[in-house]
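Here's the letter readout for the chains.
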Amino acid sequence: GEDVEQSLFLSVREGDSSVINCTYTDSSSTYLYWYKQEPGAGLQLLTYIFSNMDMKQDQRLTVLLNKKDKHLSLRIADTQTGDSAIYFCAEWVGGFKTIFGAGTRLFVKA
Amino acid sequence: DVKVTQSSRYLVKRTGEKVFLECVQDMDHENMFWYRQDPGLGLRLIYFSYDVKMKEKGDIPEGYSVSREKKERFSLILESASTNQTSMYLCASSDPRGQNEKLFFGSGTQLSVL
């Protein structure tokens, strides 16, 4: 069935790079997303990648997609304390169906 | 700036009460969604609506109903609240005319059922 998996916690030091990983099962997904949820807030779309792309870069964010292995990653360069949040990986499999992972809680230590 | 507004940030209700969660979007989006967020489980879709008065069940509709009388407003109803419905509820909307299903979320309603 459709499933998106990601690790639940990641801890990094301020200034280091963070890499959040995600695996998905549905090969028909057309778009894959990273959403960010700050404490006490809803989810906000951070970035997304079309399934025929391998990489997308947006300032400090780099998204890598390995379609063969169904693996998606989000790299945050020069991680700041303001990046502390929960990051959700999600895939759109068509129609009204978006499958979300459980979320990775990123802790940034000063 | 686009906005999805949920009427309550926190709600405390008693078992058996009827509960209404309201959501309003100002983006003229046709699609609206109600998700439930629980730690370690991510987001699970309760119901969605693709037009006024139209609704479809999501993955976990049991114990919930919805109402969409106007395009901008989507309500989630718990007919008889139970303790296992204690959760964070997130409303979202999207524009089906877009290239992809980007979701815009409200800030969430943390519901506690005692």
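In this report, we go over the structure that sits alongside the text. (Residues numbered from 1 in each chain as written. Chains lettered and ligands numbered in written order. Predicted model: local features only at pLDDT ≥ 70, side-chain atom pairs only at ≥ 80, totals over all residues. Heavy atoms only, no water.)

**A short note on the packing of aromatic side chains**
Right, so step 1: Under the counting rule described, the total for this entry stands at 17 aromatic pairs over all chains.
Right, so step 2: Arranged with centres 6.2 Å apart and planes meeting at 75°, the rings of A:Phe100 and B:Phe105 form a pair that is edge-to-face. Taken together, the residues A:Phe100 in strand E10 (residues 97-100) and B:Phe105 in strand E10 (residues 104-105) connect one chain to another. Just as A:Phe100 is buried, B:Phe105 falls in that class too. (Phe/Tyr/Trp six-rings, centres within 6.5 Å; stacked < 30°, edge-to-face > 60°. Helix = DSSP H or I, 4+ residues; strand = E, 2+ residues; numbered from the N terminus. Buried < 20%, exposed > 50% of the residue type's maximum accessible area, 1.4 Å probe, protein only.)

**Some points on the interface of chain A and chain B**
Right, so step 1: At the junction of the two partners, chain A supplies 19 residues and chain B supplies 22 residues.
Right, so step 2: When the two sides are added together, the surface that chain A and chain B hide from each other amounts to roughly 1700 Å², 58% of it contributed by carbon and sulfur.
Right, so step 3: It is A:Leu43, A:Phe96 and A:Phe100 that lose the most area in chain A upon contact with chain B, and together they represent 35% of the buried surface on that side.
Right, so step 4: Counting the contacts that link chain A with chain B gives 1 salt bridge.
Right, so step 5: Linking B:Asp59 and A:Lys97 is a salt bridge whose minimum nitrogen-to-oxygen distance equals 2.9 Å.
Right, so step 6: Put simply, the parts of the chain that give the side of chain A that touches chain B at least two residues each are strand E4 (31-37), strand E5 (43-50), strand E9 (85-94) and E10 of chain A.
Right, so step 7: In terms of residues, the side of chain A that touches chain B owes the most to one element, E4(A), which gives 4 residues. (Contact = heavy atoms within 4.5 Å. Buried area = accessible area lost by both parts, 1.4 Å probe. Salt bridge = Lys/Arg side-chain N within 4 Å of Asp/Glu carboxyl O.)

**A few points about the state of the cysteines**
Residue and element names in this part refer to chain A.
Right, so step 1: On inspection of all chains with the given rule, the structure shows 2 disulfides over all chains.
Right, so step 2: Paired through a disulfide, cysteine 22 and cysteine 89 show a sulfur-sulfur distance of 1.9 Å. On the S-S bond that ties cysteine 22 to cysteine 89, the torsion sits near -65°, and the link is left-handed. Within this pair, whereas cysteine 22 is found in strand E3 (residues 18-24), its partner cysteine 89 is found in strand E9, the two being separated by 67 residues in sequence. (Disulfide = S-S within 2.5 Å.)

**Remarks on the pairing of E5(A)**
Residue and element names in this part refer to chain A.
Right, so step 1: With 7 bridges joining them, E4 and E5 adopt antiparallel strand pairing. Its bridge partner lying in E5, tyrosine 35 is registered against leucine 45.
Right, so step 2: From the end of E4 to the start of E5, which pair antiparallel, there are 5 residues, and glycine 40 there has a positive phi angle of about 75°. (Pairing = 2+ DSSP bridges.)

**Quick look at unusual backbone geometry**
Residues and elements named next belong to chain A.
Right, so step 1: One non-glycine residue with positive phi stands out, namely glutamine 59, at about 55°.
Right, so step 2: Position of glutamine 59 relative to the elements: it lies in the loop between strand E6 (55-58) and strand E7 (61-66).
Right, so step 3: The backbone of lysine 70 sits at a positive phi, close to 55°, despite the residue not being glycine.
Right, so step 4: Topologically, lysine 70 is positioned in the loop between E7 and strand E8 (71-76).
Right, so step 5: Note on lysine 70: relative accessible area 26%, which makes it partly exposed.

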